Amino acid sequence: MSDLPHQSRKVIMDCDIGWMNDDCTATMFALLSPDLDLLGITPVMGNFDLDHEVACALRLLELLGRTEVPVCAGFDRPLIHERSSYADQVWGKWGTLQPVESIPPGLPTLQRDPRHAVDFIIECVQKYPNEVTILATGPLTNVAVAIRKYPQLVEQVGEIIIMGGNIPGLPRGHGNITPMAEFNIWVDPEAARIVLRSGAPITLLPLNVCRLTHFDRAYFDRLASAESKHPEVARLFRDYLLIHFENPEVDRKNARLFYGLYDHCVVGCAINPDLYTVTEMHVDVNIVQGAFYGATHGYQRGTYSSGAYQFPLDDGCRPIKVAHEMDFEGLVDIYLRALTE
Ligand code: RIB
Ligand code: CA
């Protein structure tokens, strides 16, 4: 056994956090894991309106007694994608600019950090070159603008681990917000394209792998019986999950039979990348408005025997790591350990 002190991995949680949604409980996972050092939370609109998300992040920190972690708000709308009647009907309340009247555990008294998410991300990367991992579990607007504002970020960031997209050529590769697109990428396809083409070291966890995390009642019972370090938050989490198991109408409304640990996959990957089977692929995003808007496609470079041409050409997207299989039990184990030990 080494006598060296345990080195935690420095991470930023860039997320569309709500109250006890998957971003929220994934953030809790990052806060409680001894393997991660959470430098800050940078909310970006997506599942919810930005101010609601900021309130949820601040309240979570209060309840966990982690008020030293800064919450730096990012963008309240995508770069180009405008709200539409379709966007209003489905998951996501982005860009609605609603006043925050309440959240289940009450509004926070803790204040947000005045820095913009983009400046906070850049500052962290400059302060700890090659050490910072961005955990991106919402639309990629903050990350894209950070790259545009400080292009050296792509060489100086340790890694960007992203929950987003769907690879149609691999199993479980259909979209979830449209038949072709995944929610995080669809909300801001132009931002996603900037990030995926940037050349930064990226690991992408698309729907193909996240769909392996739909869990059943047995898992819920395991979680509910776990002794938490933070019983009040654990109770809120369990009450929230219980709705999914005991109210079939809620499940039907959300079009999901089981709750999934989608955003937790990103945190789990930062703690133990060996949980995932990864392949190097070129992944790009469709930014043409219409039925394919926000669709991702991924492929491995083909080679012609002449050597003259390769697809895609080198001025296109760059290769990134794509996770496509995972050890779900392994993820559950480290998750439960973070909550209880
Ligand atoms: O498509 C899944 C993603 O969108 C997750 O990040 C989840 O939070 C959802 O809203
Ligand atoms: Ca999310």
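Since we're looking at a predicted model, the values are computed, not measured.

Caption draft 1: Quick peek at the coordination of the calcium ion (ligand 2). The protein atoms that coordinate the calcium ion (ligand 2) are Asp16 (OD), Asp23 (OD), Asp23 (OD), Thr137 (O) and Asp263 (OD), at distances spanning 2.2 to 2.6 Å. All donors of the calcium ion (ligand 2) belong to a single chain; written as a sequence motif, their spacing is D-x6-D-x113-T-x125-D. You can see Thr137 sitting in the loop between strand E3 (132–136) and helix H5 (141–149) and its partner Asp263 sitting in the loop between helix H12 (248–253) and helix H13 (264–271), a full 126 residues away along the chain. For Thr137, a relative accessible area of 0% translates into the label buried.

Caption draft 2: Highlighting empty space enclosed by the protein. For the coordinates displayed, the defined rule picks out 1 cavity of 30 Å³ or more. For the lining of the largest cavity, the secondary structure elements donating two or more residues are helix H1 (22–32), helix H11 (231–246) and helix H14 (328–340). The greatest single-element share of the lining of the largest cavity, amounting to 4 residues, is contributed by H11. Residue classes in the lining of the largest cavity are distributed as 8 nonpolar, 3 polar and 1 charged.

Caption draft 3: The arrangement of the sheet that holds strand E7 (residues 296–299) in detail. As summarised here, the arrangement of the 8 strands in space is E2-E1-E3-E4-E5-E10-E6-E7, forming an open sheet in which the pairing is mixed. Looking along the sheet, the strands with just one partner apiece sit at the ends: strand E2 (36–41) and E7. Going across the sheet, the axis of each strand differs from the next one's by a mean of 35 degrees, ignoring polarity. When strand E1 (residues 9–14) meets E3, the two strands line up parallel, connected through 5 bridges. Paired with Val11 across the strands is Thr133, a residue of E3. Here helix H8 (residues 189–196) sits on the sheet and contacts strand E4 (159–163), strand E5 (202–205), strand E6 (276–285) and strand E10 (319–326); the angle it forms with E6, its principal contact strand, is near 120 degrees.

Caption draft 4: Spotlight on H11. Compared with the 22 Å implied by 1.5 Å per residue over 16 residues, the 21 Å span of H11 between its first and last C-alpha is a close match. Three or more residues of H11 are buried, namely Val233, Ala234, Leu236, Phe237, Leu241, His244 and Phe245.

Caption draft 5: Summary view of the nonpolar core. Counting residues in each nonpolar core, the largest one holds 66 residues, and the members touching the most others are Leu60, Leu205 and Tyr276. Among the elements that line this core, the one with the most residues is helix H2 (residues 50–64), at 9 residues. Not counting residues within four places of it along the chain, the set of residues in contact with Leu60 comprises Ile17, Trp19, Met20, Cys24, Thr27, Met28, Leu31 and Val233. Ranked by size, the runner-up nonpolar core spans 38 residues in total, among them Ala144, Ile167, Val195 and Met281.

Caption draft 6: Spotlight on the pattern of salt bridges. Tallying each qualifying case throughout the model produces 13 salt bridges. With a closest N to O distance of 2.5 Å, Glu159 and Arg9 form a salt bridge. Linking Glu159 in strand E4 with Arg9 in strand E1, this pair joins segments that are 150 residues apart in sequence. A relative accessible area of 23% places Arg9 in the partly exposed class. Residues Asp113 and Arg115 are paired through a salt bridge, measuring 2.8 Å at the closest nitrogen-oxygen approach. The exposure class assigned to Asp113 is buried, which follows from its relative accessible area of 16%.

Caption draft 7: View of the site of ligand 1. The full set close to ligand 1 counts 12 residues, and Asp22, Asn47, Asn176, Glu182 and Asp263 are the nearest of them. In this structure, an oxygen atom belonging to ligand 1 sits 3.1 Å away from a main-chain N or O atom of Thr137. Side-chain polar atom of Glu182 to an oxygen atom of ligand 1: 2.4 Å apart, as the coordinates give it. Alone, ligand 1 offers 280 Å² of accessible surface; in the complex the protein occludes 96% of this. Residue composition of the shell around ligand 1, by class: 4 nonpolar, 4 polar and 4 charged.

Thresholds, definitions, all that
- Numbering of residues begins from 1 in every chain and follows the order in which that chain's sequence is written.
- All chains are assigned letters beginning with A, and all ligands numbers beginning with 1, in the order in which they are written.
- Predicted model: local features are reported for residues with pLDDT of at least 70 only, side-chain atom pairs are reported and counted for 80 or more only, and whole-chain, interface and lining totals are derived from all residues.
- Each side-chain value is derived from all of the structure's non-hydrogen atoms; neither hydrogens nor water enter the calculation.
- For Na, K and Ca the donor cut-off is 3.2 Å, and for all other metals it is 2.8 Å, counting N, O and S atoms only; because water is absent from this set, sites may look incomplete.
- Secondary structure elements follow DSSP: runs of H or I of four or more residues count as helices, runs of E of two or more count as strands, with numbering from the N terminus.
- The classification of residues rests on relative accessible area computed with a 1.4 Å probe and restricted to protein chains. Under 20% of the type maximum is buried, over 50% is exposed, and intermediate values are partly exposed.
- Of the two site types, the cavity is a set of points on a 1 Å grid over the protein atoms alone where a 1.4 Å probe fits but cannot get out, and the pocket is an open set with protein on both sides within 12 Å along at least five of seven lines, each lined by residues with an atom within 4 Å of a point.
- Grid points are joined across faces, edges and corners, and a volume is the space filled by probe spheres set on the points.
- By the convention adopted, Pro, Cys, Tyr, Trp, Phe, Met, Ile, Leu, Val and Ala count as nonpolar, Lys, Arg, Asp and Glu as charged, and the other residues, Gly among them, as polar.
- We treat two strands as partners when DSSP finds at least two bridges between them.
- Fitted lines through C-alpha atoms serve as axes, helices being fitted only where they are in contact, and the angles separating the N-to-C directions of these axes extend from 0 to 180 degrees.
- Contacts: residue pairs with any heavy atoms within 4.5 Å of one another.
- For a helix, the expected span equals 1.5 Å multiplied by the number of residues minus one.
- We call a set of buried residues a nonpolar core when its members are Ala, Val, Leu, Ile, Met, Phe, Trp, Tyr or Cys and they connect through side-chain atoms within 4.5 Å of each other.
- By convention in these notes, a salt bridge is any Lys or Arg side-chain nitrogen within 4 Å of a carboxyl oxygen on Asp or Glu.
- Think of it this way: one heavy atom of a residue within 4 Å of a molecule or strand is enough to make that residue near it.
- In the analysis that follows, any N or O atom pair within 3.5 Å is treated as a polar contact, provided that within protein one partner can donate a hydrogen and the other can accept it, and provided that, for residues neighboring in sequence, both atoms belong to side chains.
- Under the convention used here, a 1.4 Å probe and the Shrake-Rupley method define accessible areas, while residue burial counts only the protein chains that appear.

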